[in-house]
Amino acid sequence: AEQVAVETAAKSNILIRSVTPLAARIQAPPLMEVVYGDIVRIDTGARNVTLQGFVIAGPLPDYLFCAVQIRSGVRVRGGASANILSNHITEIRSASPLLRGCQNGIAVAVGRRFEVGGPQVGQALILGNQIDKYQKGGIYVDNTGSGALIAGNTVQGEGLTNVIAQNGIQISREASAEVRANRIFDHAYVAPVQPCVPFATCVTATAVLLFENVRATADDNELRRNQDGFGLYTLPGNVNVSNNSIIGGIPPNPSLGTPTLGDGIFADVDTALNRIRSNFLRRNVEHDCHDDSVGPNNPPAFVANFWINNDGQTQNRPGLCRERRGGDDDRDDDRGDDRKDDARNHDGDNRAGVNERGASRLNVKRASPLDDN
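Residues numbered from 1 in each chain as written. Predicted model: local features only at pLDDT ≥ 70, side-chain atom pairs only at ≥ 80, totals over all residues. Heavy atoms only, no water.

Description of the overall build of the chain
As a reminder of what qualifies: Secondary structure elements follow DSSP: runs of H or I no shorter than four residues count as helices, runs of E no shorter than two count as strands, and numbering proceeds from the N terminus. With a 1.4 Å probe rolled over the protein chains alone, any residue whose accessible area is under 20% of its type maximum counts as buried; one over 50% counts as exposed, and the rest are partly exposed. Only heavy atoms matter for contacts: two residues are in contact if any of them lie within 4.5 Å across the pair. All accessible-area figures derive from a Shrake-Rupley calculation using a 1.4 Å probe, and residue coverage is judged against the displayed protein chains alone.
Helix and strand counts for the chain come out as 1 helix and 29 strands. Within the chain, the fraction of its 373 residues that count as buried is 61%. Nonlocal contacts in the chain, meaning residues at least 24 apart in sequence, comprise 76% of its contacts between residues at least 6 apart. Accessible surface, the chain: about 13300 Å² in total, of which carbon and sulfur atoms supply 54%.

With respect to the side chain of T90
Mapped onto the secondary structure, T90 falls in strand 9 (residues 88-90). Overall, T90 belongs to the buried group, its relative accessible area being 8%. Each residue touching T90, except ones within four places of it in the same chain, is listed here: I56, A57, G58, D132 and K133.

Topic: the sheet that holds strand 15 (residues 154-161)
Threshold: Two strands qualify as a pair provided that DSSP identifies no fewer than 2 bridges between them. To get an axis, a line is fitted to the C-alpha atoms, and for a helix only the part in contact is used. The angle between two axes follows their N-to-C directions and goes from 0 to 180 degrees.
In spatial order, the strands read 3-6-9-12-15-18-21-24-27; together these 9 strands make up an open sheet with parallel pairing. Unpaired on one side and paired on the other, strand 3 (25-27) and strand 27 (280-282) mark the two borders of the sheet. Here the strands of the sheet are splayed against their neighbours by 15° on average, with no regard to which way each runs.

Some points on the sheet that holds strand 4 (residues 37-42)
Strand order in this open sheet of 10 strands is 1-4-7-10-13-16-19-22-25-28, and the pairing throughout is parallel. Looking at strand neighbours, the two that pair on one side only are strand 1 (4-6) and strand 28 (287-291), the edges of this open sheet. Between one strand axis and the next, the sheet turns through 10° on average, direction left out of account. Relative to strand 28, strand 25 (residues 263-267) runs parallel, the two sharing 4 bridges. Paired with D263 across the strands is H287, a residue of strand 28.

Brief notes about the nonpolar core
So the rule is basically this: Throughout this description, the term nonpolar core refers to a set of buried Ala, Val, Leu, Ile, Met, Phe, Trp, Tyr and Cys residues connected via side-chain atoms within 4.5 Å.
One finds V108, I171 and L210 to be the most contacted residues of the largest nonpolar core, which totals 65 residues. Among all residues touching I171, those that are not within four sequence positions of it are V141, I150, S176, A177, V179, L209, L210, F211 and V214. Y189, C196, V203 and L261 belong to the second largest nonpolar core, which has 8 residues in total.

Looking at the pattern of salt bridges
Definition in use: Between Lys or Arg on one side and Asp or Glu on the other, a salt bridge is scored when a side-chain nitrogen of the former is within 4 Å of a carboxyl oxygen of the latter.
According to the stated counting rule, one finds 17 salt bridges in the structure shown. Ionic pairing is found between E7 and R41, a salt bridge with its closest N-O pair at 3.0 Å. Of this pair, E7 sits in the loop between strand 1 and strand 2 (15-17) while R41 is found in strand 4, placing the two residues 34 residues apart along the sequence. Note on E7: relative accessible area 36%, which makes it partly exposed. One salt bridge connects E222 with R224, and the closest N-O pair in it is separated by 2.4 Å.

What about the confidence of the model for the chain?
Detailed reading of the predicted coordinates is not advisable wherever pLDDT falls low. Threshold: Residue-level confidence of the predictor is summarised by pLDDT, bounded by 0 at the bottom and 100 at the top.
Per-residue confidence for the chain gives a mean pLDDT of 88, with 86% of residues at or over 70. Under a pLDDT of 50 for its full length, residues 325-373 has, in the predicted model, 231 contacts with residues more than four places off or in other chains.

Quick word on unusual backbone geometry
Cis geometry is adopted by the peptide bond preceding P59, which originates at G58 and carries an omega value of 10°. Following F65, the chain continues to C66 via a peptide bond in cis, the omega torsion being -15°. One non-glycine residue, L273, lies in the positive phi region at around 65°. Along the chain, L273 turns up in the loop between strand 25 and strand 26 (275-277).

Focus: the environment of I70
Of note, I70 is situated in the loop between strand 6 (55-57) and strand 7 (71-76). A residue is classified by how much of its surface remains accessible, and I70, at 3% relative accessible area, is buried. Separated by 45 residues in sequence, I70 and E115 have C-alpha atoms that sit 8.2 Å apart.

Details of the state of the cysteines
Going by this rule: Working definition: a disulfide is two cysteine sulfur atoms within 2.5 Å of each other.
Evaluation of the coordinates by the stated rule reveals 2 disulfides. At a sulfur-sulfur separation of 1.4 Å, the disulfide partner of C66 is C102. Here C66 is found in the loop between strand 6 and strand 7, whereas its partner C102 is found in the loop between strand 9 and strand 10 (106-110), with 36 residues between them in sequence. A sulfur-sulfur distance of 1.6 Å marks the disulfide that ties C289 to C321. Taken together, the positions of C289 in strand 28 and C321 in the loop between strand 29 (306-308) and helix 1 (331-335) put the pair 32 residues apart, joining distant regions of the chain. The same class applies to C289 and to C321, which are both buried.

Quick look at the packing of aromatic side chains
Where we set the bar: Pairing of aromatic rings covers Phe, Tyr and Trp, the last counted by its six-membered ring, and requires centre-to-centre distances within 6.5 Å; plane angles under 30 degrees mean stacked, over 60 mean edge-to-face, and any other angle means tilted. Two limits define a charge over a ring: the Lys NZ or Arg CZ must be within 6 Å of the ring centre, and within 35 degrees of the ring normal.
Scanning the model with the defined rule gives 1 aromatic pair in all. Pairing Y233 with F266 gives two aromatic rings, centres 5.5 Å apart and planes at 55°, and the pair type is tilted. In this pair, Y233 is assigned in strand 22 (residues 228-233) and F266 in strand 25, connecting sequence segments 33 residues apart. For the pair Y233 and F266, one class covers both residues: buried. Residue placement shows R41 over the ring face of Y36; its charged tip is 3.7 Å from the ring centre.

A look at a nonpolar patch on the surface
What counts is decided by this rule: Patch members must show over 30% relative accessible area and no salt bridge, and they are joined within 9 Å when carrying like charges or within 5 Å when they are nonpolar side chains of Val, Leu, Ile, Met, Phe, Trp or Tyr.
A cluster of nonpolar side chains, namely L31, V34 and Y63, defines an oily patch on the protein surface of about 320 Å² accessible area. With respect to the helices, strands and loops of the structure, Y63 is situated in the loop between strand 6 and strand 7. Accessibility expressed as a relative area gives 41% for Y63, which makes it partly exposed.

Listed below in structure tokens is the structure:
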């Protein structure tokens, strides 16, 4: 039970490895630093630090929540870079269920623009990890200069909940990332107040959340049982989403209610020139394909993004998906995989008391996301 810090350039190029994979455990101690609420922190110019094969586990002490600082399993900041390989990162949440609505608890956090003490930058390879039982988000990459290759991970949310809207993978605020061949399951949120109130309770959980001028490629990911599969916000043309399988099918929970929001791919009104190509979409709550932007593309939809050869059955405007009818062409049935998807919650940002972002869909159904605290 300890916190591990690698925080000088002199520690660059070191390997920290469980000799027997997943046999060694780094456990959150009962008392943790208030400023650095991270189980493992790679910081202050340490480069090419490899963390491999551990169980990295919470829960974290309750007094760390609800705070403006990130609370995480693995944190990369201060211009550091890390290789986060084949770990099981779990229980990155408050010990008390009563605090699990706090917009915090991130399994892996890389960089952050709005950080106590100033903006932070980090880079990471995040490969082959199992990430589950987190509070707010699975993987988070934020701020100009931050970047990551995120591949081959399994990111599993809590399933349908009315406590917090989770994000499986979030890339935000001019960060860059490649998101490839991940499995992202069970992220879904139903508002405690039904029907939900726009800009207040109208939020959703999201498997992959991309917002604010990021450069990102998302290919060959498998998303299942998520409320929103991909959520695109404030993106001026530097995002490619292609060859992903996005199957909804959120299991019902009569005690919580039924989600009324959620799309396979959702592009907000403030997106343009992004390429959405050759995705397979089925059984998403509202639409498989949904775009609220306005532009010259995909007539008769006339949206600002490019939708190319997507195979979906429902859409908010004709011209986004091919809408193949008849026959059994459902990859969900063919693959027979019951792995879980993640849901999207839009992180509430505590700056200036803002909990959810002000931009909304044209039909004012839901508020768009903020990312971290």
